[in-house]
Amino acid sequence: MNEKNNLTTGSVGKTMVMFALPYLLSCFMQVFYGMADLFVVGLYNGSETTTAVSIGSQVMHMLTVIIVGLAMGATVRIGRAVGAKDDTAARKTVGTTVVFFAGFSVVITAVLLLFTKNITGVMMTPFEAVKETNDYLAICFAGIPFITAYNIISSIFRGAGDSKHPMYFVAVACIVNIVLDFLFIGCFGMGAAGAALGTVCGQAVSVIVSLLMMRKQNFGFSMTKKDFHLDREDLGHILKVGFPIALQDGLIQVAFVVITVIANSRGLIAATGVGIVEKIISFMFLVPSAFLSAISAITAQNMGAGKPERAKASLRYGLIITVSWGIFCALYNQFFAHTLVGLFTKDLSVIAAGSAYLKSYCFDCMFAAVHFCFSGYFCGSQKSVISFIHNMTSILLVRIPGAYFASKWFPDTLYPMGWAAPLGSLLSAFICAGFYFYFERKKS
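Residues numbered from 1 in each chain as written. Predicted model: local features only at pLDDT ≥ 70, side-chain atom pairs only at ≥ 80, totals over all residues. Heavy atoms only, no water.

### Quick look at the overall build of the chain
Phase 1: Tallying secondary structure elements over the chain gives 16 helices and 0 strands in all.
Phase 2: Computed over the C-alpha atoms, the radius of gyration of the chain is 21 Å, within 12% of the 22 Å expected from 2.2 N^0.38 for a compact globule of 444 residues.
Phase 3: Seen through its principal axes, the chain has C-alpha atoms that stretch 60 × 45 × 35 Å.
Phase 4: A buried classification covers 58% of the 444 residues belonging to the chain. (Helix = DSSP H or I, 4+ residues; strand = E, 2+ residues; numbered from the N terminus. Rg over C-alpha atoms; globule rule 2.2 N^0.38 Å. Buried < 20%, exposed > 50% of the residue type's maximum accessible area, 1.4 Å probe, protein only.)

In C-alpha cells:
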C-alpha cells in the first residue's frame, strides 16, 4: 500500500478530515460551477432560461448520482483490497471497473439522446422553457461518457485512499466551465445551450487531465494491459455494493423530480423558485456528502485490515461534524433565506416563493447528515442494502406523499411543501440508527 494514502493508521479524526476536505472542495467546485450556470444565465436571460437550466441540471444530477452510486462499489472494493494489501484483487477491480463503465456510458448516452423530448415532457416543463430544456439536455446527454469517465477515475483514486487528485480534476472542470459560461451565454447569447456546452467542455478537459495524472500516479499497485478485462466475479462484487446505492440515489432523485413536477405544475414562479432552492440545498449538502465518502473509504480499508473500531470511530466523528453543520444551515435560513435565493434572480415573486420553500427545506441538512454518515459506514461495511431500505421507506411514506398533499392543501405557499424532505430524512435517520444498534447487539 502507498503509505501516503493509508487510512488504517494514525488519528481517526485527523485521517477522516484530511480525506474529507479535498473531497469537500471537489464537491464544492462541482456544485459551484452548476450554480455558476444559473448565476450567469440569470444575468443575461429571463426566468424561462433559468427554469430550463434548473430542470435540465436536475435531470443530469440524477444521472450523475446513479453513476457515482455504481462507482461506489468500485471504491469500496478497491479500498478493502488495499486495506488487506491484496494487489491482485485491486488490479482486477480497476480493470473490470474501466471496461464495464466504458460500455455502460455508450449505451446510456444513446438511449437518453433518443428520449430527450420525452424526458422534457415527463418533467412537466413550463411551455416557455421547453425548447431550451431540450437543447440543454441533448448537449449534456452527449457528454455522458465524460461524466462517467471522470467519476470512475475519481472512484479509483479514492478507493486507493487519495482524495486530492479528484479535487484537482474538478478544479480544472470548474475553471473551464465558468470561463465558457460567460463566453457562450454572455458573449454569444446561447442561453441554456451555452450553459450545457460549457459544462460538457469542462468535463472533457478534466478527463484528459485526469488520464494524464493517472498514468503517473503510484497507487501502491501497478496496472498492465492484461488487467483491463471484464471479470464476472469481480463485477458481481462491485455491483453488490454499487447497485443498491445507485438504485437508492436514483430513486431519491426521482423523488426530487416528482417534487419538481409538482412545483412545475404550479407555474413558472414556483418552478423557478424550487429550481433555485434545489441548487442551494445541493451546496449545503456538500459537507455530509464529503463525510459519507470519507467514512465509506475509511471503513472499507479498516474492515479489510481487520480494524473495525477505527471504522466506528470515523462514524462518530462524522456525525458530530455534519450534524453541527446542519444546525448552522437551518438557523441561517430561518432569517436570511432571501439572501441566498436573491443571488440567482431579481424577480421579487421568485425570491419570496423560493425563500418560503428554503426556510422549511433547510432542516433536511440537519436530519440528512445522520443518515448520510450511517450510509457511508454501511457501504464501507458492504451492507449498502440498508441505505436502499431506509431511503425507499422515506421516499414512499413521506417525501413524495408529503410534497403532493402539501401542494394540494397549501396552494398559495411553498413552505409546507418544503417540509417533505426533512421529515423523510428524519425517518431515515431513525431506521439507520436502529440497524446500527441491532448489528452491535448481535455481535455482543
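Next comes the rest of the account.
### Focus: the nonpolar core
In globular proteins that are soluble, nonpolar side chains generally tend to be buried together.
Phase 1: Residues F141 and L358 are the most contacted members of the largest nonpolar core, which totals 70 residues.
Phase 2: Residues contacting F141, with those up to four places away along its chain left out, are V59, M60, L63, T109, L112, L113, T116 and I119. (Core = buried A, V, L, I, M, F, W, Y, C linked by side-chain atoms within 4.5 Å. Contact = heavy atoms within 4.5 Å.)

### Details of the packing of helix α5 (residues 130-142) against helix α8 (residues 191-216)
Packed helices, taken two at a time, are described by the angle between their axes plus the distance between the axes.
Phase 1: In contact at an axis separation of 8 Å, α5 and α8 are set at 15° when each is read in the N-to-C sense. Taken together, the axis directions place α5 and α8 in an arrangement best described as roughly parallel. Here α5 runs over α8; the crossing is right-handed. Across from E132, D135, Y136, I139 and C140 in α5, the residues of α8 making contact are G191, A192, A193, A195, A196, L197 and V200. (Axes fitted to C-alpha atoms, helices over the stretch in contact; angles between N-to-C directions. Parallel < 35°, antiparallel > 145°, perpendicular 65-115°, else oblique. Left-handed = near helix turned anticlockwise from the far one by under 90°.)

### A short note on a nonpolar patch on the surface
Phase 1: Together, F39, L43, Y44 and F182 line one region of the surface with nonpolar side chains, adding up to about 380 Å² of accessible area.
Phase 2: Among the elements that take part in the nonpolar patch, helix α1 (residues 12-44) stands out by supplying 3 residues, more than any other.
Phase 3: Note that Y44 resides in helix α1.
Phase 4: When its relative accessible area of 43% is taken as the criterion, Y44 is described as partly exposed. (Patch = residues over 30% accessible without salt bridge, like charges linked within 9 Å, V, L, I, M, F, W, Y side chains within 5 Å. Areas by Shrake-Rupley, 256 points an atom, 1.4 Å probe, with all protein chains shown as cover. Salt bridge = Lys/Arg side-chain N within 4 Å of Asp/Glu carboxyl O.)

### Regarding the pattern of salt bridges
Where side chains of opposite charge bring their charged atoms close, a pairing between them can arise.
Phase 1: The full count for this structure, using the stated rule, is 3 salt bridges.
Phase 2: Salt bridges sharing partners connect three or more residues here, namely E309, K312 and E440.

### Comments concerning the packing of aromatic side chains
Phase 1: As enumerated under the stated definition, the model contains 21 aromatic pairs in all.
Phase 2: With centroids separated by 6.1 Å and ring planes inclined at 25°, the aromatic side chains of F374 and F378 adopt a geometry described as stacked. With F374 and F378 both in helix α14 (residues 364-380), this residue pair falls 4 residues apart, about one helical turn. One exposure class covers both F374 and F378, and it is buried.
Phase 3: Between F435 and F439 the ring centres are 6.4 Å apart and the planes differ by 25°, which places this aromatic pair in the stacked class. Of this pair, F435 and F439 are both found in helix α16 (residues 420-443), 4 residues apart, which corresponds to roughly one turn of the helix.
Phase 4: Pairwise contacts between aromatic rings join W325, F328, Y332, F335 and F336 into one cluster.
Phase 5: Stacked on the ring of F439, the Lys or Arg K383 has its end atom at 5.1 Å from the ring centre. (Phe/Tyr/Trp six-rings, centres within 6.5 Å; stacked < 30°, edge-to-face > 60°. Lys NZ or Arg CZ within 6 Å of the ring centre and 35° of its normal.)

### A few points about the side chain of S314
Phase 1: With respect to the helices and strands, the residue S314 is situated in helix α12 (residues 308-341).
Phase 2: If near-sequence neighbours (up to four positions away) are discounted, S314 is found in contact with V12, M16, I295, I298 and T299.

### Regarding the side chain of S360
Phase 1: With respect to the helices and strands, S360 occurs in helix α13 (residues 348-361).
Phase 2: Among the polar contacts made by the side chain of S360, one reaches the main-chain carbonyl oxygen of Y357 at a distance of 3.2 Å.
Phase 3: One polar contact links the side chain of S360 to the main-chain carbonyl oxygen of Y415, over a distance of 2.6 Å.
Phase 4: Among all residues touching S360, those that are not within four sequence positions of it are L414, Y415, G418, W419 and P422. (Polar contact = N/O pair within 3.5 Å; in protein donor to acceptor, adjacent residues only side chain to side chain.)

### A short note on α16
Phase 1: An ideal rise of 1.5 Å per residue puts 34 Å on 24 residues; α16 measures up with 36 Å between its terminal C-alpha atoms.
Phase 2: Those residues of α16 that fall on the buried side of the exposure criterion are A420, A421, P422, G424, S425, S428, A429, I431, C432 and Y436.
Phase 3: Elements that come into contact with the buried residues of α16 comprise α12, α13, α14 and α15 (385-409). (Expected span 1.5 Å × (residues − 1).)

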